[in-house]
Amino acid sequence: MKNITVRYFAMFREHAGLGEETLSLNVSTALDVFEQTRSRHGSSEPIGHCKVAVNDEMVDWSSAVNDGDTVLLFPPVAGG
Amino acid sequence: MFAISDEEIPVGDLRKGLTDSGAGGLCVFEGWVRNENDGRAVNRLEYEVYEPLAIQEGTKVLEEAKQKFPFLRASCVHRSGLLEIGDCAVWVGVVAPHREEAFKACRYIIDQIKNRLPIWKKEHYADGDSDWVNCERCANVNAQSGAGN
């Protein structure tokens, strides 16, 4: 198990009802974190155009996560 | 220079800041808040921005644009917070010796800013409802037609 701090933004924050939480998760990749937190909060948002960052660096979903990491889950962006 | 601002974008100052004696022209794109989307009347918009990564990624976009379409100077500022109809939500300015690079770089910058930066838009409708803009659909439309605001 790894202690992972997960931060939620925009619609993800509203689905979760909080902006951040630290969880003990059995995860290997950023994708694992997305899937486990999605089922935890009952969100149905498809991964589609969602993005992820680990420790303030944009990464691929297949990137490894380590104990103590902060994972930022971004719903589809809408700048401009 | 790329920045996020929670106040009105100082368009005049940004324009002056791009002055360059080698410049043959300035190409500007301003994104404005409009009063409807998909047939629904919109009263105002709210932008949520994750600033550390928005600034990092926005700066990267300007550097990429300069590599692709060599220009002299460029600036881009995106708003955060609550905006009213007609407000300027994003400003892009590029100066170059000739219009070709200025137009192309400006287009590249606004397209990348819309698709890559951690910025989210919530529309507040005239009927009292509000919703996050579904940009999976926006991204698909933009890819096909270059549409958007």
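Further up the page is the structure itself.
Residues numbered from 1 in each chain as written. Chains lettered and ligands numbered in written order. Predicted model: local features only at pLDDT ≥ 70, side-chain atom pairs only at ≥ 80, totals over all residues.

**Re the sheet that holds strand 2 (residues 25-32) of chain B**
All names here are of chain B. Taken in spatial order, the 4 strands make up an open sheet running 1-5-7-2, and their pairing is mixed. Edge positions in the open sheet fall to strand 1 (2-5) and strand 2, since each of these has one partner strand only. Between one strand axis and the next, the sheet turns through 10 degrees on average, direction left out of account. Relative to strand 7 (residues 88-96), strand 2 runs antiparallel, the two sharing 8 bridges. Within strand 7, the position partnered with Leu-26 by the bridge is Val-95. This element, helix 2 (residues 51-68), spans strand 1 and strand 5 (73-79) of the sheet and lies at about 145 degrees to strand 1. Along the sheet face, helix 3 (residues 99-116) touches strand 2, strand 5 and strand 7 and points at about 150 degrees away from the line of strand 7. (Pairing = 2+ DSSP bridges. Helix = DSSP H or I, 4+ residues; strand = E, 2+ residues; numbered from the N terminus. Axes fitted to C-alpha atoms, helices over the stretch in contact; angles between N-to-C directions. Contact = placed C-beta atoms within 7 Å.)

**Some points on the nonpolar core**
Val-71 and Leu-73 of chain A together with Cys-76, Val-94, Ala-105 and Ile-109 of chain B are the most contacted members of the largest nonpolar core, which totals 54 residues. When neighbours within four sequence positions are excluded, Val-71 of chain A is seen to be in contact with Ile-4, Val-6, Ala-30, Val-33, Val-52, Val-54 and Val-65 of chain A. (Core = buried A, V, L, I, M, F, W, Y, C linked by C-beta atoms within 7 Å. Buried ≥ 20, exposed ≤ 12 C-beta atoms within 10 Å, placed from the backbone.)

**With respect to helix 2 (residues 30-41) of chain A**
All names here are of chain A. For helix 2, built from 12 residues, the straight-helix expectation of 16 Å at 1.5 Å per residue is met to within 8% by its first-to-last C-alpha distance of 17 Å. If you check which residues of helix 2 are buried, you get Ala-30, Val-33, Phe-34 and Thr-37. The buried residues of helix 2 all sit within an arc of 100 degrees when viewed along its axis, so they share a single face. Of the surrounding elements, those touching the buried residues of helix 2 are strand 1 (2-8), strand 2 (20-25), strand 3 (51-54), strand 4 (57-59) and strand 5 (70-74). Phi turns positive, to about 65 degrees, at Gly-42, one or two residues after helix 2. (Expected span 1.5 Å × (residues − 1). Arc of directions from axis to C-beta.)

**Quick notes on the interface of chain B and chain A**
When the parts come together, some accessible area is lost, and that loss is often what is quoted as the size of the interface. Contacts between the two partners involve 26 residues from chain B, matched on the other side by 15 residues from chain A. Those elements giving two or more residues to the side of chain B that touches chain A turn out to be helix 2, strand 7, helix 3, strand 8 (119-125) and helix 4 (135-145) of chain B. Residues belonging to the side of chain B that touches chain A are distributed by class as follows: 16 nonpolar, 6 polar and 4 charged. (Nonpolar A, V, L, I, M, F, W, Y, C, P; charged D, E, K, R; others polar.)

**Structural notes on the packing of helix 2 of chain B against helix 3 of chain B**
Residue and element names in this part refer to chain B. Relative to each other, helix 2 and helix 3 sit at 150 degrees, their axes nearing to 9 Å. Here helix 2 is positioned roughly antiparallel relative to helix 3, judged by the angle of their axes. Helix 2 and helix 3 meet at a crossing whose hand is right-handed. Between helix 2 and helix 3, the residues in contact are Glu-57, Gly-58, Val-61, Leu-62, Ala-65 and Lys-68 and Ala-105, Tyr-108, Ile-109, Gln-112, Ile-113 and Arg-116, respectively. The residue inventory of the contact of helix 2 with helix 3, partitioned by class, reads 7 nonpolar, 2 polar and 3 charged. (Parallel < 35°, antiparallel > 145°, perpendicular 65-115°, else oblique. Left-handed = near helix turned anticlockwise from the far one by under 90°.)

**Remarks on the environment of Gly-19 of chain A**
By secondary structure assignment, the location of Gly-19 of chain A is in the loop between helix 1 (10-16) and strand 2. Residues in contact with Gly-19 of chain A, not counting those within four places in the same chain, are Arg-7, Tyr-8 and Arg-13 of chain A.

**Quick word on the pairing of strand 5 of chain B**
Residues and elements named next belong to chain B. Counting buried positions along strand 5 yields 6 of 7 residues, so the element is predominantly enclosed. Here 6 bridges tie strand 5 to strand 7, and the two strands are oriented antiparallel to one another. The residue bridging Arg-73 from the neighbouring strand is Val-95, located in strand 7.

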